[in-house]
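Below, each chain spelled out in residue letters.
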Amino acid sequence: MIPLPLARVAEITSGALTGLADPGAVVRGPVVIDSRAVVPGSLFVAIKGERADGHDFARQACEAGATAVLASRAVEAPAVIVSDVVAALADLATAVAAGLPAATVVGVTGSAGKTTTKDLLAGLAARIGPTIAPVGSYNNEIGHPLTVLKADESTRFLVLELSARNVGHIAYLARIAPPRIGVVLNVGTAHLGVFGGKEAIARAKGELVEALPSDGVAVLNADDPLVSAMASRTEARVTYFGRSPGAHVRAEDETVDERGRAAFTLRTPSGTAPVRLRLHGAHAVDNALAAAAAAYELGLPVATIADELSNAEPRSRWRMEVTDRPDGVTVINDAYNANPDSMRAAFGSLAAIGEGRRRFAVIAALRELGEDSAELNEGVGRLAAGAGLEALVVVGEDAGPVLAGAPGAIHVPDVGAAAAELAGRLRPGDVVLVKGPRAAGLERVAAAILGGDAR
């Protein structure tokens, strides 16, 4: 981050320095919320969570080298005391972002594919200059400012992932680091119950393009009507990506190999180039096109874009990780999260990778679907039941609607039982899809199948 004396940190956050704090002591970063991540010069942010209170680790953080603690109450360490730690963290990130006039901020949002697109785009931007992007899905009111605070005077690009739990959240995040380029991937069914409908989800996702300046660029999915309609909500120039003939950046001559990896011709306004993705799943093409369109707006030539996309490896865990056991069993670990749209995509990948092989799936009931939860989960069951599986394992006590859609499924109470159930069924050459909501913890099933621990 940009080095800041504690006096300046207190000024930015409207905080008060405790008697132990030296106003001239300099915070050089990183800004962290985990005391185990502290290095000399850090600022430790004491977040009070459901399981632990960061204030209890303040002294430990400073003994490890933190310059001070950003806290909401007195602690046994040098501190800046504020009324709201999360709001103060946002204020600090806003000030740092404003001090980076040479950095271009690119925001990415959508119901599915945000993290993969962000990872691809970060790799593309790094071809031009120093780039900061979140690790994994650091995309909320805590992770977002922590990512921004990693930037310094050398940063050329900030590639940020913006999530929304409700209307207004993306607008809030966009004010911290105002984007010049905004990428909207899709409007799907993730968090449908929280928002109350896809139209409300579209309103929330569209806050990103509303935040763009008139000389900015909105990168929109031409294949999603709710996204393409967002063009009317921004003064920025609009460019479209997708498979539609009218998209400025699009895929042509698309194929998928036996491992579920897509190849296509990338067409841009200035020419074409072949792309052969290492990412699994035909839906990765959408993410690649979105990243390509934004990278094209950054000035990368099409040949460079195609080369980076073709060499990109997965950066974030549990998203279409395809791993082969020594005996030839293939595990598709897509357990990071799930919604009806991503379930369809995952089963499509299973069909491609598992063609001619015995196929299994481990799933769990989807969450945050509101009043349509039972119907949508029953639809997931029907999807799985029609996927030509050798066996379907459904995990959890809330699996009733899924089982109604897939009456022949095997119901187990937890991940340990799921792993045990499959252990006696798998034979060399089989393929297993593991897919469910984050809270279900199904990544432990994948680990157990691959020889790890399912506890």
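Now for a description of the structure that goes with this document. (Residues numbered from 1 in each chain as written. Predicted model: local features only at pLDDT ≥ 70, side-chain atom pairs only at ≥ 80, totals over all residues. Heavy atoms only, no water.)

This part covers the side chain of asparagine 339. With respect to the element layout, asparagine 339 can be found in the loop between β18 (330-333) and α13 (340-353). Here the side chain of asparagine 339 touches aspartate 341 through a polar contact of 2.9 Å, landing on its backbone nitrogen. (Helix = DSSP H or I, 4+ residues; strand = E, 2+ residues; numbered from the N terminus. Polar contact = N/O pair within 3.5 Å; in protein donor to acceptor, adjacent residues only side chain to side chain.)

Another aspect to go through is the pattern of salt bridges. Taken as a whole, this structure holds 29 salt bridges when the rule is applied. Between glutamate 210 and arginine 233 there is a salt bridge; the shortest N-O distance is 3.1 Å. Of the two residues, glutamate 210 is situated in helix α9 (residues 207-210) and arginine 233 in the loop between α10 (225-228) and β13 (237-242); the sequence distance between them amounts to 23 residues. Among the residues examined, glutamate 210 registers a relative accessible area of 44% and is labelled partly exposed. For arginine 259, the salt bridge goes to aspartate 324, with nearest N and O atoms at 3.0 Å. Of this pair, arginine 259 sits in the loop between β14 (249-256) and β15 (261-268) while aspartate 324 sits in strand β17 (residues 321-324), and the two are 65 residues apart along the sequence. Here aspartate 324 falls in the partly exposed class, since its relative accessible area comes to 40%. (Salt bridge = Lys/Arg side-chain N within 4 Å of Asp/Glu carboxyl O. Buried < 20%, exposed > 50% of the residue type's maximum accessible area, 1.4 Å probe, protein only.)

With respect to the helices and strands, the residue alanine 345 is situated in helix α13. Once the C-alpha coordinates of alanine 345 and serine 42 are considered, the two residues, 303 residues apart in sequence, prove to be 42 Å apart.

In this model, glycine 29 is joined to proline 30 through a cis peptide bond whose omega is 0 degrees. Mapped onto the secondary structure, proline 30 falls in the loop between β3 (26-27) and β4 (31-32). With phi around 55 degrees, serine 14 is a residue other than glycine that occupies positive phi space. Along the chain, the position of serine 14 falls in the loop between α1 (6-13) and β2 (16-17). A positive phi is found at tryptophan 318, a non-glycine position, where the angle reads about 65 degrees. Tracing the chain through its elements places tryptophan 318 in the loop between α12 (302-311) and β17. The exposure class assigned to tryptophan 318 is buried, which follows from its relative accessible area of 15%.

Moving on, we come to the nonpolar core. Residues Val31, Leu43, Leu149 and Met230 are the most contacted members of the largest nonpolar core, which totals 56 residues. By size, the runner-up hydrophobic cluster in this structure holds 40 residues, among which are Ile181, Leu266, Ala290 and Ala294. (Core = buried A, V, L, I, M, F, W, Y, C linked by side-chain atoms within 4.5 Å.)

Take the side chain of threonine 13 next. By the secondary structure assignment, threonine 13 is in helix α1. Ignoring sequence-local partners within four residues, the contact set of threonine 13 consists of Leu70, Val80, Val82, Ala88 and Leu92. (Contact = heavy atoms within 4.5 Å.)

Axis separation between helix α4 (residues 114-126) and helix α11 (residues 284-298) bottoms out at 9 Å; the angle between their running directions is 35 degrees. Between α4 and α11 lies a crossing of right-handed hand. Within the contact between the two elements, α4 uses Thr116, Thr117, Leu120, Leu121, Leu124 and Ala125 and α11 uses Asn287, Ala288, Ala290, Ala291, Ala292, Ala294, Ala295 and Leu298. Counted by class, the contact of α4 with α11 contains 11 nonpolar, three polar and no charged residues. (Axes fitted to C-alpha atoms, helices over the stretch in contact; angles between N-to-C directions. Left-handed = near helix turned anticlockwise from the far one by under 90°. Nonpolar A, V, L, I, M, F, W, Y, C, P; charged D, E, K, R; others polar.)

Here we come to the sheet that holds β2. The five strands are arranged β2-β7-β6-β5-β4 in an open sheet whose pairing can be described as mixed. Lying at the two open borders of the sheet, with one neighbouring strand each, are β2 and β4. Relative to strand β6 (residues 68-71), strand β5 (residues 43-45) runs parallel, the two being bridged by three bridges. Within β6, the position partnered with valine 45 by the bridge is leucine 70. Strand contacts of α1: β2, β5, β6 and β7 (79-81), with the helix running at about 15 degrees to β7, the strand carrying the most contacts. Contacts between helix α3 (residues 85-98) and the sheet are confined to β4, β5 and β6, with β6 contributing the most and set at about 120 degrees to the helix. (Pairing = 2+ DSSP bridges.)

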